[in-house]
Amino acid sequence: MNTFDGHAHGDGLTPSSYFLDVLARPAPLASFDAFKKTRSTYKEKSERGGVLTVLIAFILAILVWNELTEYIYGEADYTFHVDGGLGHKLQINFDATIATPCHYLTVDVRDAVGDRLHISDEFKKDSTSFEIGQAQRISNLDTLLDTSASKMVRDSRRTTKRNRVFPKTAHLVEDGPACRVYGSMEVKKVTGNLHITTLGHGYLSWEHTDHELMNLSHVIHEFSFGPYFPRISQPLDNSLEMTRAHFHIFQYFISVVSTRYIDAGRRLLETSQFSVTEMSRETEHGKGVPGIFFKYDIEPMSLTIRERTTSLFQFLVRLAGIVGGVIVCSDFGIRTLAFVERKVVRKGRGGGEDGFEFDLGVGGAGERRSHTAGHGFGATGQTNSNGMGRSSAYESTGRII
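First, a word on scope: everything that follows refers to the structure included in this document. (Residues numbered from 1 in each chain as written. Predicted model: local features only at pLDDT ≥ 70, side-chain atom pairs only at ≥ 80, totals over all residues. Heavy atoms only, no water.)

## Quick word on the nonpolar core
Ranked by internal contacts, the top residues of the largest apolar core, which has 32 residues, are Phe223, Ile254 and Phe294. Of all the secondary-structure elements, those providing two or more residues to this core are strand S2 (89-98), strand S3 (105-111), strand S7 (178-188), strand S8 (192-198), strand S9 (218-225), strand S11 (248-262) and strand S13 (291-308). When neighbours within four sequence positions are excluded, Phe294 is seen to be in contact with Phe94, Gly192, Asn193, Leu194, Ile220, Phe223, Leu236, Tyr252 and Ile254. One finds Phe229, Ile232, Tyr261 and Ile305 within the second-largest nonpolar core, a separate group that totals 6 residues. (Core = buried A, V, L, I, M, F, W, Y, C linked by side-chain atoms within 4.5 Å. Buried < 20%, exposed > 50% of the residue type's maximum accessible area, 1.4 Å probe, protein only. Helix = DSSP H or I, 4+ residues; strand = E, 2+ residues; numbered from the N terminus. Contact = heavy atoms within 4.5 Å.)

The following block contains the structure:
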């Protein structure tokens, strides 16, 4: 009795019913496994494979980190449009130390409407010493400021109502050789000129400043437009200009652009940013007005910087594509490299073929022949009692040719 009949009669089933019972049984889950495994005993590890694994892991880490940062912070999207705001006021925030005593300095604003505002009393003045600190010339400052929406919104939210004021003067010196001028004020949202001059060398004054006391070297700690956020860096912050001349003209040409920052969390910040061009020159008494001039122009365009990011599902899909693509491509490349290497090694050893030789003896006279087996063939030589040699070639499967 064969195995089939034994199972059928042992279970009390006819052959046909046993066959139907076998077909009705569910197939094991292992038969659906699309990821066939190789036994660990058949796997070979090498130092070169370890180096390639580390290299691929490093590349994957860089790509995953890039996708993660893009998912968290997004990409900046810039949109320009005509400024449709109806605001008529613009706030100026100013903080600078000038190497001239406070008594001889005057601060004024003149705008395109023709109004002149004498704001020396609105800005606060502290007598101090002229200290450079960590200030640098504007040409040496890093102009590539981080203007990402996330950083701007984050820095603005760190500024509360309590610290949205100018810090106190570090070294107060009574009747000191320098003056710190700082404060905020609102001006008309039109082209204007904020300038600092000395008494008797700008507008008409009953008092004339001694030329020996005039030195317009200055350090700008803060210069910005819009709400005052001390944590947000501006192009002129911590800048320095020095001179030894008593009559010197410093000019800053500023273009102001209304800006809206929207981060990935849809939090909004409305402020203004600006670009600046600085020029300075010495002059002579009676041939120019020495002073520090900030000439600002309001641009009719508005800029919106929005951070766009992907959803969690899109991030996971892109991440899976990157990881899977790198692993598949690296595996294909390694296999191709190994195949080419084997071909080159075989060719260097004689074209990838194995040759052998044997003798056929006839009546004591030896005739030397050779046979080549390039496809896994072997050969045997036998000699009979008559001295006649015979040979046969066979395949590796044992079949006689």
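## Some details on the sheet that holds strand S10 (residues 239-241)
As summarised here, the arrangement of the 6 strands in space is S5-S7-S2-S9-S10-S6, forming an open sheet in which the pairing is mixed. Unpaired on one side and paired on the other, strand S5 (124-128) and strand S6 (136-137) mark the two borders of the sheet. Across 3 bridges, the pairing between S9 and S10 is antiparallel. What sits directly across from His218, in S10, is Glu241. (Pairing = 2+ DSSP bridges.)

## So, helix H3 (residues 47-73)
Residues spaced three or four apart along an α-helix point in a common direction, a consequence of the helix completing one turn every 3.6 residues. Here H3 is 27 residues long and its end C-alpha atoms lie 39 Å apart, about the 39 Å a rise of 1.5 Å per residue gives. Phi turns positive one or two residues past the end of H3, at Gly74, with a value near 75 degrees. (Expected span 1.5 Å × (residues − 1).)

## Focus on the layout of surface pockets
Its volume calculated, the largest pocket comes out at about 1,000 Å³. Lining the largest pocket are 22 residues, with Glu44, Gly49, Asp331, Ile334 and Arg335 positioned closest to its centre. Elements that contribute at least two residues to the lining of the largest pocket include exactly H3 and helix H5 (312-348). With 9 residues, H5 is the largest single contributor of residues to the lining of the largest pocket. Residue classes in the lining of the largest pocket are distributed as 9 nonpolar, 5 polar and 8 charged. Looking at the second largest pocket, its volume works out to about 440 Å³. In terms of lining, the second largest pocket is formed by 22 residues, of which the most central are Asp95, Thr97, Ala170, Arg180 and His221. Where the lining of the second largest pocket is concerned, the elements lending two or more residues are S2 and S9. Per-element tally for the lining of the second largest pocket: the top contributor is S9, with 3 residues. (1 Å grid on protein atoms, 1.4 Å probe; cavity = no way out; pocket = protein on both sides within 12 Å on 5 of 7 lines; lining within 4 Å. Points joined across faces, edges and corners; volume = space filled by probe spheres on them. Nonpolar A, V, L, I, M, F, W, Y, C, P; charged D, E, K, R; others polar.)

## Thoughts on the state of the cysteines
Enumeration over the complete set of coordinates arrives at 1 disulfide. Note on cysteine connectivity: Cys102 is disulfide-linked to Cys179, with sulfurs 2.1 Å apart. Judged by the sign of its S-S torsion, about 105 degrees, the cystine formed by Cys102 and Cys179 is right-handed. Of this pair, Cys102 sits in the loop between S2 and S3 while Cys179 sits in strand S7; the two residues are 77 residues apart in sequence, bridging distant segments of the chain. Taking the relative accessible area as the measure of exposure, Cys102 reaches 16% and is therefore buried. Judged by relative accessible area, which is 0%, Cys179 ranks as buried. (Disulfide = S-S within 2.5 Å.)

## A word on unusual backbone geometry
Excluding glycine, residues mostly carry a negative phi; peptide bonds, for their part, are mostly trans. In this structure, Asp175 is a non-glycine residue whose phi angle is positive, near 50 degrees. In this structure, Asp175 sits in the loop between helix H4 (149-158) and S7. What makes Asp175 exposed here is its relative accessible area of 71%. One non-glycine residue with positive phi stands out, namely Asn238, at about 65 degrees. Secondary-structure assignment places Asn238 in the loop between S9 and S10.

## Here's the deal with the pattern of salt bridges
Applying the stated rule across the entire model yields 5 salt bridges. Arg318 is the partner of Glu67 in a salt bridge, and the nearest nitrogen-oxygen pair spans 3.3 Å. Of this pair, Glu67 sits in helix H3 while Arg318 sits in helix H5; the two residues are 251 residues apart in sequence, bridging distant segments of the chain. By relative accessible area, Glu67 is classed as buried at 9%. Residue classification places Arg318 among the partly exposed residues on the basis of a relative accessible area of 34%. For the salt bridge of Arg180 with Asp95, the shortest nitrogen-to-oxygen distance reads 2.9 Å. One end of the pair, Arg180, is in strand S7; the other, Asp95, is in strand S2, and 85 residues separate them in sequence. (Salt bridge = Lys/Arg side-chain N within 4 Å of Asp/Glu carboxyl O.)

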